Amino acid sequence: QVQLVESGGGLVQAGGSLRLSCAASGRTFASYAMGWFRQPPGREREFVATVSWSADSTYYAGSVKGRFTISRDDAKNMVYLQMNSLKPEDTAVYYCAAGLIRGSIWPHQYDYWGQGTQVTVSS
């Protein structure tokens with residue numbers, strides 16, 4: 001099985017940047033597609049970004065395209081979300097997820113989830 005732990009969240013002013021990290025356990029990390037989701041206060045969990053198991057494909061939610069970048073380092077069992085030009089509407093708990101899929105925007109297709117890290121963007 002895979003265990004995921006997010007880090008890097010915090011408080012930042014609008015226009016600032018944060019880099020989220022997700023550390024994964026397991027020897028088969030490279031076989032998993034990785035995704036980032038977020039859950040704003042009082043709202044459902046929503047898709048942010050995904051990168052395929054082979055890192056040959058990425059996909060982003062329209063709300064973050066051009067501002068966020070997902071990447072992975074299989075040698076370190078890490079996945080990252082670089083967030084630039086942050087907006088107050090980006091405030092949410094951010095979760096990383098892993099699944100034996102090429103990539104997906106649907107939460108139910110991911111097998112493992114981290115505990116989340118809080119990102120707060122002030123106006």
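Use the structure listed above.
About the thresholds
In every chain, residue numbers begin from 1 and rise along the written sequence. Local features are withheld for residues below a pLDDT of 70 in this predicted model, meaning they are given only at 70 or higher, and side-chain atom pairs are given and counted only at 80 or more; totals for whole chains, interfaces and linings count all residues. With hydrogens and water set aside, each side-chain value is computed from the structure's full complement of heavy atoms. Exposure classes here rest on a 1.4 Å probe applied to the protein chains alone. A residue is buried below 20% of its type maximum, exposed above 50%, and partly exposed in between. Put simply, DSSP H or I for four residues or longer makes a helix, DSSP E for two residues or longer makes a strand, and each gets a number counted from the N terminus. By definition, two strands form a pair when at least two bridges between them are found by DSSP. Two rings from Phe, Tyr or Trp (for Trp, the six-membered ring) form a pair when their centres are within 6.5 Å of each other. A pair whose planes differ by under 30 degrees is stacked, one over 60 is edge-to-face, and the rest are tilted. Counting of polar contacts relies on pairs of N or O atoms within 3.5 Å, with two restrictions inside protein: one atom must be capable of donating a hydrogen and the other of accepting it, and residues adjacent in sequence are counted only when both atoms are side-chain atoms.

Chemist: Would you explain the pairing of strand β11 (residues 117–122) in this entry?
Modeler: In the case of a regular strand, side chains alternate between the two sheet surfaces. Side chains Thr 117, Val 119 and Val 121 project from β11 onto a buried face, and the interleaved Gln 118, Thr 120 and Ser 122 project onto a face without burial. The sheet contact formed by strand β2 (residues 10–13) and β11 spans 4 bridges and is parallel. By the bridge assignment for β11, Gln 13 is matched with Ser 122. By the bridge criterion, 3 bridges tie strand β9 (residues 92–99) to β11 in an arrangement that is antiparallel.

Chemist: I tried to follow the environment of Ser 85 on my own but got confused; where do I start?
Modeler: Position of Ser 85 among the secondary structure elements: in the loop between β8 (78–83) and β9. Taking the C-alpha atoms as reference points, Ser 85 and Val 64, separated by 21 residues in sequence, lie 9.5 Å from one another.

Chemist: Where do I start with the packing of aromatic side chains in this structure?
Modeler: Where two aromatic rings form a pair, the distance of their centres and the angle of their planes describe that pair. Within this structure, the stated rule accounts for 6 aromatic pairs. Summarising the aromatic geometry, the rings of Tyr 32 and Tyr 112 are spaced 5.9 Å apart at their centres and angled 65° between planes, so their arrangement reads as edge-to-face. A residue pair is termed long-range when its members are at least 10 positions apart, and Tyr 32 in the loop between β3 (18–24) and β4 (33–39) and Tyr 112 in strand β10 (residues 112–113) qualify at 80 residues. The same class applies to Tyr 32 and to Tyr 112, which are both buried.

Chemist: Help me understand the side chain of Arg 72 in this model?
Modeler: Counting through the fold element by element, Arg 72 comes out in strand β7 (residues 68–73). A polar atom in the side chain of Arg 72 sits 2.8 Å from the backbone oxygen of Ser 52. Reaching out from Arg 72, the side chain makes a polar contact with the side chain of Asp 74 at a distance of 2.9 Å.

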